[in-house]
Each structure stands twice: as structure tokens, then as C-alpha cells.
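# Secondary and tertiary structure notes
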Amino acid sequence: MKSFNAFLVEQVIVNVIINFIIAYYLSSHLLTTVASIPLFAPTDDLLAPNISGDLFVGTFLMGLIITLITSVITRAKRDKAKQDLGVFFTSNVIKKLPHSIFKRAIIIGVVPMFVIAFPIVVTLSLLDIHHLNSHDYINYHAFYAAIVAGLISYFSVSRTLAENPTKIF
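Residues numbered from 1 in each chain as written. Predicted model: local features only at pLDDT ≥ 70, side-chain atom pairs only at ≥ 80, totals over all residues. Heavy atoms only, no water.

A separate point is the packing of helix 4 (residues 101–126) against helix 5 (residues 134–162). Relative to each other, helix 4 and helix 5 sit at 145 degrees, their axes nearing to 11 Å. Along this stretch, helix 4 crosses helix 5, giving a crossing that reads as right-handed. Where helix 4 approaches helix 5, its residues R104, I108, P112, I116, A117 and I120 are matched on the opposing element by Y144, V148, L151, I152, F155, S156, R159 and T160. Residues belonging to the contact of helix 4 with helix 5 are distributed by class as follows: 10 nonpolar, two polar and two charged. (Axes fitted to C-alpha atoms, helices over the stretch in contact; angles between N-to-C directions. Helix = DSSP H or I, 4+ residues; strand = E, 2+ residues; numbered from the N terminus. Left-handed = near helix turned anticlockwise from the far one by under 90°. Contact = heavy atoms within 4.5 Å. Nonpolar A, V, L, I, M, F, W, Y, C, P; charged D, E, K, R; others polar.)

This is the structure:
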């Protein structure tokens, strides 16, 4: 296995690229027929495309899915290593994340939803931006997904590297 830092950087870069491509592809295929994307869903159709719903739900699901996938991959790589990899040193904040992958995934999904997505929605509302052109939103959404995926994968992989590699779940 590579050094801890090389593996961490590799996982972050891979997640940034994959999530940018997925977000751009999905958004461009689902939203090109819509002229503009509203900030909030209309009251008569709560499942209509909207920025706030996309940011909240998308951020939570991204945190959940990325954490589940990267934790399993990281644990498998550590277990497969032939030499003693030692201890990965990280911040106390990351070490406080739960050992259980599912609990960790929930937390890593919820925290960015409130720390990143909520302030963006509030800022857009305060700036009196109530809708975005769909072409512009597709691009913004892809960059948002890439940046958030990088942050989520950093926290997820760091926490998994910091745990005892002999424990599986």
C-alpha cells in the first residue's frame, strides 16, 4: 500500500473527478429541458427540480454513499497490506467520528448539509436570487458536487485510516 498521505490524496482526487462527471452528466440530462431552476420547490409540486432540495438531499446522499464506499475500500486496502502500516495521525475532530461505518456515513452526510448547503441556500435567498438559468446551474452544481465530494472523502478516508485495521465492522 502507498503511504497514508498518498492514498488519501489519491482517494480525494478520484472522488472529485467522479462526482464532477456524475453531477454534470445527471444535471445536463435531467435539467436541460427546464429554462430555469427555482431556489425552492413550488408548493404544489415539492418534487420539482429546485436548488435547495438538490443541495440538501444531494449533499446528504453524497456523504452517505461516499463514506460507505471509501470506508470499505480503505479497510480492504489496509487489510491487504503485507507490512505493518503503523498509525495514521489526524486531527481529534476526525478521530471523534464513530467507528461504525453506517453511523459515520450518517454524520458525514448530515454535517455538510448544514455547514455547506444551508449557508449557500440562505446566501442565495439573502441576495434575492430566486432562480438560476439551467445551463448555469448545471455547471455550478457539478463544481459544487466535486468540491463537497473532495471534503467528504477526505474526512471519510482519514477516519478510516486512523482506526484499528484489524476491526472490520
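A rise of 1.5 Å per residue sets the reference length of helix 1 (residues 4–31), with its 28 residues, at 40 Å; its end C-alpha atoms lie 39 Å apart and thus fit the reference within 8%. Burial in helix 1 covers these residues: F4, F7, L8, Q11, V12, N15, N19, A23, S27, S28 and L31. On its buried side, helix 1 packs onto strand 1 (36–38), helix 2 (51–80) and helix 5. (Expected span 1.5 Å × (residues − 1). Buried < 20%, exposed > 50% of the residue type's maximum accessible area, 1.4 Å probe, protein only.)

A word on the confidence of the model for the chain. Put simply, the chain has an average pLDDT of 87, and 92% of its residues get 70 or more. Counting contacts from residues 165–169, a segment whose pLDDT is below 50, to residues more than four positions away or on other chains yields nine contacts. (pLDDT = per-residue confidence, 0-100.)

As a rule of thumb, soluble globular proteins bury nonpolar side chains together. Ranked by size, the top nonpolar core spans 22 residues in total, and within it I51, L55, M62, Y137 and I152 carry the most contacts. Of all the secondary structure elements, the ones that give two or more residues to this core are helix 1, helix 2, helix 4 and helix 5. If you tally residues by element for this core, the top one is helix 5, at eight residues. Ignoring sequence-local partners within four residues, the contact set of Y137 consists of L31, I37, I51, D54 and L132. Counting seven residues, the second-largest nonpolar core is a separate cluster that includes F4, F7, L8 and L161. (Core = buried A, V, L, I, M, F, W, Y, C linked by side-chain atoms within 4.5 Å.)

Here the focus is unusual backbone geometry. For D128, which is not glycine, the phi dihedral falls at a positive 60 degrees. With respect to the element layout, D128 can be found in the loop between helix 4 and strand 2 (131–133).

This part takes up the layout of surface pockets. Of the voids in this model, the largest pocket is the one considered here, and its volume is about 810 Å³. Surrounding the largest pocket, 34 residues form its lining, L26, D54, G58, L61 and H141 being those nearest its centre. Of all the elements, helix 2 adds the most residues to the lining of the largest pocket, at 13 residues. Class assignment for the residues of the lining of the largest pocket results in 23 nonpolar, 10 polar and one charged. Reported here for the second largest pocket is a volume of approximately 240 Å³. (1 Å grid on protein atoms, 1.4 Å probe; cavity = no way out; pocket = protein on both sides within 12 Å on 5 of 7 lines; lining within 4 Å. Points joined across faces, edges and corners; volume = space filled by probe spheres on them.)

Within the secondary structure layout, K95 lies in helix 3 (residues 92–95). Other than its neighbours up to four places away in sequence, K95 contacts T90 and R159.

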